[in-house]
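Secondary and tertiary structure notes
What follows is the residue order along each chain.
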Amino acid sequence: MDYKTRRLAATLRNQLNYPLQFNPFVFSRIFLLWVLIGIVGGVIAGFYWTILEALLHFLAQVQGLYIIPLMAGAGLLAGLVIYFLGDPGEMDMIVNNIRFKGGRLEPKNNPSMILSSWLCIASGGSAGPEAPLVQVVGSTGTWIAKKLGFKGEDLRSLSIAGMASAFTALFGAPLGGSLFALEILHHKHVVEYYQALIPAFVASCSSYVIFILITHIGMGPTWRFPIYAAPELNDVFYAMLYGIVGTAVGWFFIFTVRQSRSIFKQLKLPIYINMMIGGLLIGTIAYLVPLSRYFSHDELNVLLEEKLSLSYLLILLVAKILAIAFTVTSGWRGGFIIPLFFVGATLGLVINTILPGQNLPLLLVSCMAAINACVTRTPISTTVLLSTLTGFHYLIPIMFASLTGFFLAPKTPLINAQLGVKE
């Protein structure tokens, strides 16, 4: 028997003595728990989205001047829900609890979050369902972990897995949703809680499947973007230039939000009065500039399809920024990620109208990436999310625009808890 034959025989004997085995995670208790959290997250998100769509279609029938009393009344009613059922908090509180309170997201105020956010979003507030879903599903992950006796980093990881499954259900992007749940927790350390990375991936994948089965939304891009031509090296430099303009608008947005928040704090009124005032302001803006109403999930496609004048685009840009600012600072519940993407797309159309002949898909996605990365400090997940949502599959220009927004962002982030200071 020659050397090669003896070596082959020895290899076969070793394989028989030590047969192939699955990764120890597979079929383990902890793996099945990640899957369970994703399934629960998908069911919760599917239920939430189904009811929200029904409310949106019902309240969309209110048009014209009637929008103003509708949104004032919705703000008052949502404020009363929060006043009597408990304040569920906002994204700042979620980040703060994950970082400084052992990853515990309390589910006791979930009914308040669900009811108030349905009213705020369905009536036309410029904030989306991502923040409410993250709170509700993330706290469900905490509750499951505590019931099963998990503590420490394991409990934190399961809470983050719940957050990731919520982001994924809304954005339709398992990878982007997982990374966003981790990246938004710190203003510069992208994966500080790296132990939660695989739990987030697994929960996101199972949540994604369940959510699509319930809602029948489909798996394609959310927004109908112009087709991007063959990439060139110059596109990277253009992406950074567009990103600088997007970052400047991001600074303006952060300044506007901080000023608005300061005004509402100085009023020292009960939350339901603040939310009624916010509703009056948002409703007035929606009446004057109808495309600024809602959280822009569907309105962004309208923006891309219609030929709008430069004057209208500039008015829409300012109106949307003010609408988002009044929404998130007066107590209305919802997240500003998708509305920020709308602001970025509007800015891109403004630039393209002033300087025609630009590479429009590159211009749009670069502005969207830069402003979101500037405000949320999430350059990596923003890159992946935008690629999924727009069908713009060449990641490199988006990455350069996102990093431009991230590195040129203000020193103090808008979400204070990202900075590492306890609330």
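Here the structure is a predicted model, which means the values were calculated and not measured.

Turning next to the overall build of the chain. Each helix and strand in the chain was counted, giving 17 helices and zero strands. Expressed as a percentage of contacts within the chain between residues at least 6 apart in sequence, the contacts between residues at least 24 apart total 82%. Total accessible area on the chain is roughly 18,700 Å²; 68% of this is exposed by carbon and sulfur atoms.

Before going further, it helps to spend a moment on the packing of helix H2 (residues 29-59) against helix H5 (residues 110-123). Where H2 contacts H5, the axes come no closer than 9 Å and their chain directions differ by 40°. Viewed along their axes, H2 and H5 adopt a mutual orientation that is oblique. Both H2 and H5 take part in a crossing whose hand is right-handed. Here H2 contributes Phe47, Tyr48, Ile51, Leu52, Leu55, Leu56 and Leu59 to the contact with H5, which in turn contributes Ile114, Ser117, Trp118, Ile121, Ala122 and Ser123. Among the residues forming the contact of H2 with H5, the class breakdown is eleven nonpolar, two polar and no charged.

What follows concerns the nonpolar core. In terms of nonpolar packing, the biggest core is built from 100 residues, with Phe171, Phe253 and Leu300 touching the most fellow members. Top element by residues in this core is helix H14 (residues 337-354). It accounts for eleven residues. Non-local contacts of Phe171, meaning those with residues more than four positions away in its chain, are made with Glu130, Ile337, Ile338, Leu385 and Leu389. Of all hydrophobic cores here, the second largest spans eleven residues; its members include Ile37, Ala145, Phe150 and Leu158.

The next point concerns a nonpolar patch on the surface. On the surface, a cluster of nonpolar side chains totalling about 590 Å² of accessible area is made up of Tyr394, Leu395, Ile396, Met399, Phe400, Leu403 and Phe407. Following the sequence through the fold, Ile396 ends up in helix H17 (residues 395-407).

In this section: the side chain of Ser112. Mapped onto the secondary structure, Ser112 falls in helix H5. Within the structure, Ser112 has its side chain in polar contact with the backbone oxygen of Gly86 (distance 2.6 Å). Not counting the four nearest positions on each side in its chain, Ser112 is found in contact with Val81, Ile82, Leu85, Gly86 and Pro88.

Over its 19 residues, helix H9 (residues 197-215) extends 26 Å from the first C-alpha to the last, a length consistent with the 27 Å expected when each residue adds 1.5 Å. Looking at the residues trailing H9, positive phi occurs at His216, about 55°.

The next point concerns H5. The α-helix advances 3.6 residues per turn, and as a result positions three or four apart in sequence lie on the same side. An ideal rise of 1.5 Å per residue puts 20 Å on 14 residues; H5 measures up with 20 Å between its terminal C-alpha atoms. Looking only at H5, the buried set comprises Asn110, Ser112, Met113, Ser116, Ser117, Trp118, Cys120, Ile121, Ala122 and Ser123. Looking at the buried positions of H5, the neighbouring elements they touch are H2, helix H3 (67-85), helix H6 (130-147) and helix H11 (271-288). Looking one or two residues beyond H5, the residue adopting positive phi is Gly124, at roughly 125°.

Our next topic: the environment of Leu322. Tracing the backbone through its elements, the reader meets Leu322 in helix H13 (residues 310-329). In this structure Leu322 comes out as partly exposed when scored by relative accessible area, which is 30%. Along the primary structure Leu322 and Val257 are separated by 65 residues, whereas in three dimensions their C-alpha atoms are 8.1 Å apart.

Scanning all chains against the criterion turns up two salt bridges. The salt bridge partner of Asp87 is Arg333, with a shortest N-O separation of 2.4 Å. In this pair, Asp87 sits in the loop between H3 and helix H4 (91-100) while Arg333 sits in the loop between H13 and H14, placing the two residues 246 residues apart along the sequence. Judged by relative accessible area, Arg333 falls into the buried class, the value being 3%. Taking the shortest distance from any N to any O, the salt bridge between Glu305 and Arg224 comes out at 2.3 Å. Here the residue Glu305 occupies a position in helix H12 (residues 299-305), and Arg224 occupies one in the loop between H9 and helix H10 (234-267), the gap between them amounting to 81 residues. Per residue, the accessibility class of Glu305 equals that of Arg224, and both read exposed.

About the thresholds
- Residues numbered from 1 in each chain as written.
- Predicted model: local features only at pLDDT ≥ 70, side-chain atom pairs only at ≥ 80, totals over all residues.
- Heavy atoms only, no water.
- Helix = DSSP H or I, 4+ residues; strand = E, 2+ residues; numbered from the N terminus.
- Contact = heavy atoms within 4.5 Å.
- Areas by Shrake-Rupley, 256 points an atom, 1.4 Å probe, with all protein chains shown as cover.
- Axes fitted to C-alpha atoms, helices over the stretch in contact; angles between N-to-C directions.
- Parallel < 35°, antiparallel > 145°, perpendicular 65-115°, else oblique.
- Left-handed = near helix turned anticlockwise from the far one by under 90°.
- Nonpolar A, V, L, I, M, F, W, Y, C, P; charged D, E, K, R; others polar.
- Core = buried A, V, L, I, M, F, W, Y, C linked by side-chain atoms within 4.5 Å.
- Buried < 20%, exposed > 50% of the residue type's maximum accessible area, 1.4 Å probe, protein only.
- Patch = residues over 30% accessible without salt bridge, like charges linked within 9 Å, V, L, I, M, F, W, Y side chains within 5 Å.
- Salt bridge = Lys/Arg side-chain N within 4 Å of Asp/Glu carboxyl O.
- Polar contact = N/O pair within 3.5 Å; in protein donor to acceptor, adjacent residues only side chain to side chain.
- Expected span 1.5 Å × (residues − 1).

Honestly, it's all geometry; don't read function into it.
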